[in-house]
Amino acid sequence: MDEVVVRFADGSELRVPRGTTLAEVARARGESQALVALVDGVPTDLSARLERDATVRFLRFEDPQGRSVFWHSSAHLLAQAVKELFPHAKLAIGPPIEDGFYYDIDVGRPLEPEDLQRIEERMRELAARDQTIERVELPRAEAVRRYQEAGERYKLELLEAIPDERVSFYRQDGFWDMCRGPHLPRTGLIRAVKVLGSSGAYWRGDERREMLQRVYGISFPDPAQLEAYLQRLEEARRRDHRRLGRELDLFSIEESVGPGLVLWHPRGAVVRRCIEEFLREELDRRGYAWVYTPHVAREALWEQSGHLSWYRDNMFSGIEIEGQRYLVKPMNCPFHIAVYASRTRSYRELPVRLAEFGTVYRYERSGVLHGLLRVRMITQDDAHIFCAPHQIEDEICGLLDLAFRVHRAFGFSSYEVTLSLRDPATPDKYAGDPEVWERAEAALEAALRREGVAYTRAPGEANFYGPKIDVYFFDALGRKWQLTTVQLDFVLPERFGLEYVGEDNRPHRPVMVHRAILGSLERFFGILIEHYAGAFPLWLAPEQVRVLPVADRHAAYAQDVRDRLRAAGLRAESDLRAEKVTKKVRDAQVWKVPYMLVVGDREAEGGTVSVRHRTAGDLGPMPLEAFIQRARAEVTSRTAS
Ligand SMILES: [Zn+2]
Ligand SMILES: [Zn+2]
């Protein structure tokens, strides 16, 4: 009999008659959750037939690629529902995205909430009908004819860009959509679906073209997963840093100042100062030197650094002073290089570690700006290390240790690390000596192992100027953020002719390391606000203690308590309003103040305070001095919760 050999990741093999479908193979393997298959690495429909020997891996919803196919098929389902409800609607594109899917459609008007409701209901009906999803290939001319007849002008435009003579479609009942696939075998696998909303979107992202409606949705194989997703979404909404930033008076971005330019209000500025002080302490202990550098520099400097050739589009336009062109800095590197190069360096002073909270400016389109997470002014906790090649490993170990220590203080414990290396297949893509690369990559890997850090190798992901390590942390909602980055650079030392005098009394070229632990203070603050839902731990809290007098006659004692707290270095306020103390407690809770000290007759007489904690509740009376000790210990230890 004519057979093909199917190999699996676990090393096992299966012989099946040539022409067997992947669905049959999945059944034979007991892969009941399979949505789609990777055949020799290529995502393929389960209905496809095996015509030759192949390695096969079945993908489920849990696999990112499987999930992506699931959501892509859900987008088709959305389009099918739209076409049934609005037969004149014209379809554009409908891809899966990070979290769900969307479809861009033209219905000639904005969609109302009732429309979305109806679309969602129809999607559920269509899914429950368990329609078979079929791949059909048509000759190009036939595809054009179909879309012309249907007046699907967006699809026709897409079709123009496809050079192939045969075009693939996916069909479920009477609904056809031009698509490369792959797709789920049937719609019944989509057991839970939610249309999340819609917004205007220009055809092809071009504001001169038609305004379409982008309908967003999410779907799952199990209704319980949808339930959990919606809860997470609600929690994220509750924690939205833009909302909390306003409610807690932490920061604002004012139209009059400009989009993406952050105003740190006093309460936000306190948090930032605490973060900066913490980092300063850590870096001082690790032999860093602090510098301050200008916000602008001559165009020629950016020419020499190479930014003009590869980063110009992200830079603010220039300023003219006394006939000289100056540019606002998008990065701090050239300045730190200038500090290094300002005098002769000896091998004895290496590594030179220069640190700065440097505010840089980058042009981001106004459409992508998002609260503190995407801004146009970025204060990096930046540093550059200049070292000899043999020092790389130790420096990287130090940086990993620093990164984990710092992030632990903010309650980030689970992480992922990527080590980005050269693509061995395209050595020409990278600048610098291959031998130096070799050694540097080995040093990075050795450092990761020495520090016991779990990491993933990413060949081909290195910068053209050097390999790098990226550290991602997971926040309280399980969202992943890239925070720490450590990048080796073999190019800038070359471009600026950096040197140090070696033991042999001859000039040598140092290696340069760019690194940021938090990334950008603006973005990190946005992440922290959401991570803590605005309830900062004591060491970061803008207002640590609020003193609440029970009645007017306790005001003097309350002020005295507040002043003694301040003298002890605690950030304290008092609430002297003529309100009931219960109301004052409620308000302090709204402001997420960690400690509330209630003072009345008994407290004033005995020099005590009645302590209430934001989450732990009533802690009872204690001498003021005892409370101060306790609070100070909590601040000094930088307890994360
Ligand atoms: Zn599609
Ligand atoms: Zn840099």
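Residues numbered from 1 in each chain as written. Chains lettered and ligands numbered in written order. Predicted model: local features only at pLDDT ≥ 70, side-chain atom pairs only at ≥ 80, totals over all residues. Heavy atoms only, no water.

Peer 1: Explanation requested: the coordination of the zinc ion (ligand 1) in the structure shown.
Peer 2: In an ideal octahedron of six donors the angles at the metal are 90 or 180 degrees, and in an ideal tetrahedron of four donors they are 109.5 degrees. Coordination sphere of the zinc ion (ligand 1), protein contribution only: His72 (NE2), His76 (NE2) and Cys179 (SG), at 2.1 to 2.3 Å. Donor residues for the zinc ion (ligand 1) sit on one chain with the sequence pattern H-x3-H-x102-C. Of this pair, histidine 76 sits in helix H2 (residues 64–85) while cysteine 179 sits in the loop between strand E11 (175–178) and strand E12 (192–202), and the two are 103 residues apart along the sequence. Using a relative accessible area of 10% as the deciding quantity, one classes cysteine 179 as buried. (Donors = N, O, S within 2.8 Å, 3.2 Å for Na, K, Ca; no water. Helix = DSSP H or I, 4+ residues; strand = E, 2+ residues; numbered from the N terminus. Buried < 20%, exposed > 50% of the residue type's maximum accessible area, 1.4 Å probe, protein only.)

Peer 1: How do you make sense of the coordination of the zinc ion (ligand 2) when you look at a structure like this?
Peer 2: Within the protein, Cys333 (SG), His384 (NE2) and His514 (ND1) serve as the donor atoms for the zinc ion (ligand 2), at 2.0 to 2.4 Å. Mapping the donors of the zinc ion (ligand 2) onto the primary sequence yields the spacing C-x50-H-x129-H. Pair noted here: cysteine 333 is in helix H11 (residues 333–340) and histidine 514 is in strand E28 (residues 511–520), with a separation of 181 residues, a long-range link. In terms of burial, cysteine 333 and histidine 514 fall into one category: buried.

Peer 1: Where do I start with H11 in this structure?
Peer 2: Helical geometry: 3.6 residues make up each α-helical turn, so side chains three or four residues apart lie on a common side. For H11, a buried count of six out of eight residues is recorded, marking the element as mostly surrounded by other parts of the structure. Buried within H11 we find Cys333, Pro334, Phe335, His336, Ile337 and Tyr340.

Peer 1: Please clarify how the sheet that holds strand E20 (residues 352–361) should be interpreted in this entry.
Peer 2: Pairing in this open sheet of eight strands is mixed, and the strands run E16-E20-E21-E28-E25-E24-E22-E23 from one edge to the other. A single partner strand is all that each edge strand has here, and the edge strands are strand E16 (289–290) and strand E23 (456–459). Sheet strands in contact with helix H12 (residues 392–409) are E20, strand E21 (377–387), strand E22 (415–421), strand E24 (468–474), strand E25 (480–489) and E28, and its direction is about 5° off that of E28. With respect to the sheet, helix H15 (residues 521–531) is in contact with E20, E21, E25 and E28, its orientation differing from that of E28 by roughly 35°. (Pairing = 2+ DSSP bridges. Contact = heavy atoms within 4.5 Å. Axes fitted to C-alpha atoms, helices over the stretch in contact; angles between N-to-C directions.)

Peer 1: I keep staring at the nonpolar core and nothing clicks. Help me out?
Peer 2: Looking at soluble globular proteins, one finds that nonpolar side chains tend to be buried together. By size, the foremost hydrophobic cluster in this structure holds 74 residues, and its most contacted members are Ile275, Ile396, Phe410, Ile469, Phe536 and Leu540. Among the elements that line this core, the one with the most residues is H12, at 10 residues. Not counting the four nearest positions on each side in its chain, phenylalanine 410 is found in contact with Ile275, Phe278, Leu518, Phe524, Leu528, His531, Tyr532, Trp539 and Leu540. (Core = buried A, V, L, I, M, F, W, Y, C linked by side-chain atoms within 4.5 Å.)

Peer 1: It is not clear to me how the packing of aromatic side chains should be interpreted in this structure. Could you clarify?
Peer 2: The geometry of an aromatic ring pair comes down to the distance between the two centres and the angle between the two planes. All told, the structure shown has 31 aromatic pairs when counted by the stated rule. If you follow arginine 272 out to its NZ or CZ, it ends over the ring of tryptophan 264, 4.8 Å from the centre. (Phe/Tyr/Trp six-rings, centres within 6.5 Å; stacked < 30°, edge-to-face > 60°. Lys NZ or Arg CZ within 6 Å of the ring centre and 35° of its normal.)

Peer 1: Explanation requested: the sheet that holds strand E31 (residues 595–599) in the structure shown.
Peer 2: Spatially, five strands are ordered E30-E29-E31-E32-E33 in an open sheet, and the strand pairing comes out mixed. This sheet does not close on itself; its edge strands, each paired only once, are strand E30 (572–574) and strand E33 (617–623). Adjacent strand axes in the sheet meet at a mean angle of 25°, parallel and antiparallel pairs treated alike. Note: strand E29 (residues 545–549) against E31, five bridges, orientation parallel. In the strand pairing of E31, valine 547 is matched with leucine 597. Across the sheet, helix H19 (residues 624–636) is in contact with E29, E31, strand E32 (608–613) and E33; its angle to E33 comes to roughly 120°.

Peer 1: Which parts of the structure should I look at to understand the pattern of salt bridges?
Peer 2: Where side chains of opposite charge bring their charged atoms close, a pairing between them can arise. Applying the stated criterion across every chain, the model contains 65 salt bridges. Two residues, glutamate 134 and arginine 171, come together in a salt bridge whose shortest N-O distance is 2.9 Å. Of this pair, glutamate 134 sits in strand E9 (residues 134–139) while arginine 171 sits in strand E10 (residues 166–172), and the two are 37 residues apart along the sequence. Classification of glutamate 134 by relative accessible area gives partly exposed; the value is 35%. The salt bridge involving glutamate 543 is made with arginine 267; its shortest N-O contact spans 2.5 Å. Residue glutamate 543 is found in the loop between H15 and E29, and its partner arginine 267 is found in helix H8 (residues 266–285); the two are separated by 276 residues along the sequence. Among the ionic contacts, a cluster of salt bridges with common partners joins Asp106, Arg153, Glu157, Arg204, Arg209 and Glu210. (Salt bridge = Lys/Arg side-chain N within 4 Å of Asp/Glu carboxyl O.)

Peer 1: Help me understand the environment of aspartate 240, please; the structure alone is not making it clear to me.
Peer 2: Counting through the fold element by element, aspartate 240 comes out in the loop between helix H6 (223–239) and helix H7 (241–247). Residue class for aspartate 240 comes out buried when judged on its relative accessible area of 16%. Between the alpha carbons of aspartate 240 and asparagine 332 there is a distance of 30 Å; along the sequence they are 92 residues apart.

Peer 1: Is there a simple way to explain unusual backbone geometry in this structure?
Peer 2: Leaving glycine out, the prevailing phi sign among residues is negative, and the prevailing peptide bond configuration is trans. For the peptide bond that leads from glycine 181 to proline 182, omega is -5°, which places it in the cis range. Along the chain, proline 182 turns up in the loop between E11 and E12. The residue after leucine 350, namely proline 351, is reached through a cis peptide bond having omega -5°. If you check the backbone angles, asparagine 505 has positive phi at about 70° while not being a glycine. Structurally, asparagine 505 can be placed in the loop between strand E26 (500–501) and strand E27 (507–508).

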